[in-house]
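Reading the structure
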Amino acid sequence: MKRRRESKIVVLASGNGSNFEAIVKHIKERKLPIKVMALVTDNPDAYAIRRARKLGIPVKILPFKSFKNRDEFNRRLLDTLRSLNPDLIVLAGFMKILPPQIVRTFFKKIVNIHPSLLPAFPGLHAIQKAYEYGVKVTGVTVHFVDEGVDTGPIIMQECVKIDENDTVESLEEKIHRVEHRIYIEAIKRVLSID
Ligand code: GAR
């Protein structure tokens, strides 16, 4: 039987990196034909970096504050991504908005995870906003990245119920559990891996 070529992915994260770790572990455990080329981060203090080192994934740090301006950062990010030549770019808590040039260069090759049922609660602090609004159901969305903020075509969504006795923290935990399960499923779907 012909072996399929490994798909190459790059993960971008700015903070904790729990989604990044869940993705890498799933790929390793299931021996999926996916190679995680690198973790790319704009934040030299991101906990995701420690996770990457433990997992043996190369790290590219582009410290946002050390660039003259956003354009220079964006140029370096584009160069970095081009040199890695991924089949898919996976945003996992990456807290910088990608410029149109990157979105156009990697059209339909960038996915993002967002902790709400888009189009509800886009942008920052989505979990807290949903909790404070008092919705009874929120959830997780995986979508393609376009030039807007959290507006691209939706690939997958899953609901999370908010119970009477939930706190923001308990809701956050429930959302993360769902994220860690569905992000890799969405990635597999986009890469046509079963
Ligand atoms: C996740 O909850 C993700 O949905 C959210 O950041 C968190 C990152 O967690 N992303 C956004 O809010 C993007 N708008 P992690 O660093 O532990 O993976």
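Each remark here, short or long, concerns the structure printed above.
Residues numbered from 1 in each chain as written. Predicted model: local features only at pLDDT ≥ 70, side-chain atom pairs only at ≥ 80, totals over all residues. Heavy atoms only, no water.

1. Looking at helix α3 (residues 70–84)
Using the following cut-off: Helical segments are the DSSP runs of H or I of at least four residues, strand segments are the runs of E of at least two, and each set is numbered from the N terminus. Take the residue count of a helix, subtract one, and multiply by 1.5 Å to get its expected span. The rule is simple: take the accessible area with a 1.4 Å probe, protein chains only, and divide by the maximum for that residue type; under 20% is buried, over 50% is exposed, in between is partly exposed. This arc corresponds to the set of directions leading from the helix axis out to the C-beta atoms. Should any heavy atoms of two residues lie within 4.5 Å, those residues are considered in contact. Distance and chemistry together define a polar contact, namely a pair of N or O atoms within 3.5 Å, with one atom able to donate a hydrogen and the other to accept it when in protein, and with adjacent residues in sequence counting only for side-chain atoms on both sides.
Between its first and last C-alpha, α3 extends 21 Å over 15 residues, near the 21 Å set by a 1.5 Å rise per residue. For α3, the full list of buried residues reads Phe 73, Asn 74, Leu 77, Leu 78, Thr 80, Leu 81 and Leu 84. Across the axial projection of α3, the buried residues extend over an arc of 165°, all falling on one side. Facing away from the buried surface of α3 by more than 90 degrees, the exposed residues are Asp 71, Arg 75 and Ser 83. Elements in contact with the buried residues of α3: β1 (7–12), β2 (34–41), β3 (59–61), β4 (88–91) and α4 (100–105). Between the side-chain oxygen of the N-cap and the backbone nitrogen of Asp 71 there are 3.2 Å, and the N-cap of α3 in question is Asn 69. Where α3 terminates, the next one or two residues include Asn 85, which has phi positive at roughly 50°.

2. Thoughts on the packing of helix α5 (residues 126–133) against helix α6 (residues 168–190)
To keep things clear, this is the line we draw: Lines fitted to the C-alpha atoms define the axes, with helices restricted to the stretch that makes contact. Angles between their N-to-C directions range from 0 to 180 degrees. By the definition adopted for this analysis, an angle is roughly parallel if under 35 degrees, roughly antiparallel if over 145, roughly perpendicular if from 65 to 115, and oblique otherwise. Definitions for this section: a left-handed crossing has its near helix turned counterclockwise from the far helix by less than a right angle. A right-handed crossing has that turn clockwise. For this classification, the nonpolar set comprises Ala, Val, Leu, Ile, Met, Phe, Trp, Tyr, Cys and Pro, the charged set comprises Asp, Glu, Lys and Arg, and every other residue, Gly included, is treated as polar.
Packing of α5 against α6 brings their axes to within 10 Å, and their N-to-C directions diverge by 125°. As judged from the angle between their axes, α5 and α6 are oblique. Our pair here, α5 against α6, has a crossing hand that is right-handed. Facing α5, whose interface residues are Ile 127, Gln 128 and Tyr 131, α6 presents Val 168, Leu 171, Glu 172 and Ile 175. Split into classes, the residues belonging to the contact of α5 with α6 amount to 5 nonpolar, 1 polar and 1 charged.

3. Some points on the environment of Arg 50
Relative to the elements of secondary structure, Arg 50 occurs in helix α2 (residues 47–55). With 34 residues separating them in the primary sequence, Arg 50 and Asn 16 have C-alpha atoms 9.4 Å apart.

4. As for the site of the ligand
Spelled out, the test is: Being near a molecule or strand, for a residue, means having at least one of its heavy atoms within 4 Å of it. Here the accessible surface of atoms and residues is derived via Shrake-Rupley with a 1.4 Å probe, and residues count as covered only by protein chains that are part of the display.
Residues in close proximity to the ligand include Asn 16, Gly 17, Ser 18, Asn 19, Gly 93, Met 95, Ile 113, His 114, Pro 115, Gly 123, His 176 and Glu 179, which together make up its full environment. Between an oxygen atom of the ligand and a side-chain N or O atom of Asn 19, the distance comes to 2.9 Å. Ile 113 is positioned such that a nitrogen or oxygen atom in its backbone is 3.5 Å from an oxygen atom of the ligand. When the ligand is considered free in solution it has 450 Å² of accessible area, and contact with the protein chains removes 88% of it. Of all the secondary-structure elements, those providing two or more residues to the shell around the ligand are α1 (18–29), β5 (110–114) and α6. Its residues assigned to classes, the shell around the ligand comprises 3 nonpolar, 8 polar and 1 charged.

5. Overview of the pattern of salt bridges
Any two side chains of opposite charge can pair, on the condition that their charged atoms come close. Convention followed: Salt bridge, as applied in this entry: a Lys or Arg side-chain nitrogen positioned within 4 Å of an Asp or Glu carboxyl oxygen.
One pass over the structure, following the stated rule, counts 10 salt bridges. For the salt bridge of Glu 21 with Lys 25, the shortest nitrogen-to-oxygen distance reads 2.6 Å. Taken as a pair, Glu 21 and Lys 25 lie in helix α1 at a separation of 4 residues, close to a single helical turn. The exposure class assigned to Glu 21 is buried, which follows from its relative accessible area of 16%.

6. Digging into unusual backbone geometry
Each neighbour pair has its own omega, and for Leu 118 with Pro 119 the value is 10°, a cis peptide bond. Topologically, Pro 119 is positioned in the loop between β5 and α5. The backbone of Asn 85 sits at a positive phi, close to 50°, despite the residue not being glycine. Among the secondary structure elements, Asn 85 is positioned in the loop between α3 and β4. In this structure Asn 85 comes out as partly exposed when scored by relative accessible area, which is 48%.

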